[in-house]
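Architecture at a glance
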Amino acid sequence: MSDKYFDSNDSSPSQNERRGMIFVLIAGLLLLGGNLFLTWKMRAWDFDSWGFYISSTYTWWRSVGNFLFFNILLHLPCVAGGWMIIAVVKYFFRQRKNQKCQKKQ
């Protein structure tokens, strides 16, 4: 097997690795933006659309619990997209820091 992809002396990221991280960044942005747009169009944070007009206290708190549960489920892609974006930003800053340290030596 060729060692051109696994060279331990080459500390800079390969072109394929950089392209992969850019793809993950775009996918994370699409997940985050698409999910925020979807929940905005669904009026997911509008209390009136979830039916909080029930007079009984027990059923009102039950509907609040359902509201919170379904909003958490609706926003899970936002969490995944945000995590992907943070991971890519940390990766690129770490690579940039490593390149600056190697240039000083």
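Quick note: structure is the one above.
Keep in mind the model is a prediction, meaning the values are calculated, not measured.

With that settled, the discussion passes to the packing of aromatic side chains. This structure, assessed with the given rule, holds three aromatic pairs. Geometrically, the ring pair formed by phenylalanine 37 and tryptophan 40 is tilted, given 5.7 Å between the ring centres and 50° between the ring planes. On the criterion of helical spacing, the pair formed by phenylalanine 37 and tryptophan 40 is a turn pair, its members being three residues apart in helix α1 (residues 15-41). Since its relative accessible area comes to 49%, phenylalanine 37 is described here as partly exposed. Using a relative accessible area of 57% as the deciding quantity, one classes tryptophan 40 as exposed. Taken together, a centroid distance of 5.3 Å and an interplanar angle of 70° make the contact between phenylalanine 69 and phenylalanine 70 edge-to-face. The partly exposed category is assigned to phenylalanine 70, whose relative accessible area is 39%.

Our focus in this paragraph is α1. Every α-helix winds through 3.6 residues per turn, so residues three or four apart in the chain are directed the same way. For α1, built from 27 residues, the straight-helix expectation of 39 Å at 1.5 Å per residue is met to within 8% by its first-to-last C-alpha distance of 38 Å. Listed as buried for α1 are Met21, Gly28, Asn35 and Thr39. Arginine 43 lies just past α1 and shows a positive phi near 55°.

On the surface, a cluster of nonpolar side chains totalling about 580 Å² of accessible area is made up of Phe69, Phe70, Ile72, Leu73, Leu76 and Val79. Taken together, the elements giving at least two residues each to the nonpolar patch come down to α2 (57-74) and α3 (76-104). Top contributing element to the nonpolar patch by residue count: α2, with four residues. When you line up the elements, phenylalanine 69 lands in helix α2. Residue class for phenylalanine 69 comes out partly exposed when judged on its relative accessible area of 47%.

Topologically, asparagine 35 is positioned in helix α1. Beyond its immediate chain neighbours, meaning those up to four positions away, asparagine 35 contacts Leu30, Leu74, His75, Pro77 and Cys78.

Cut-offs used in this document
- Residues numbered from 1 in each chain as written.
- Predicted model: local features only at pLDDT ≥ 70, side-chain atom pairs only at ≥ 80, totals over all residues.
- Heavy atoms only, no water.
- Phe/Tyr/Trp six-rings, centres within 6.5 Å; stacked < 30°, edge-to-face > 60°.
- Helix = DSSP H or I, 4+ residues; strand = E, 2+ residues; numbered from the N terminus.
- Buried < 20%, exposed > 50% of the residue type's maximum accessible area, 1.4 Å probe, protein only.
- Expected span 1.5 Å × (residues − 1).
- Patch = residues over 30% accessible without salt bridge, like charges linked within 9 Å, V, L, I, M, F, W, Y side chains within 5 Å.
- Areas by Shrake-Rupley, 256 points an atom, 1.4 Å probe, with all protein chains shown as cover.
- Salt bridge = Lys/Arg side-chain N within 4 Å of Asp/Glu carboxyl O.
- Contact = heavy atoms within 4.5 Å.

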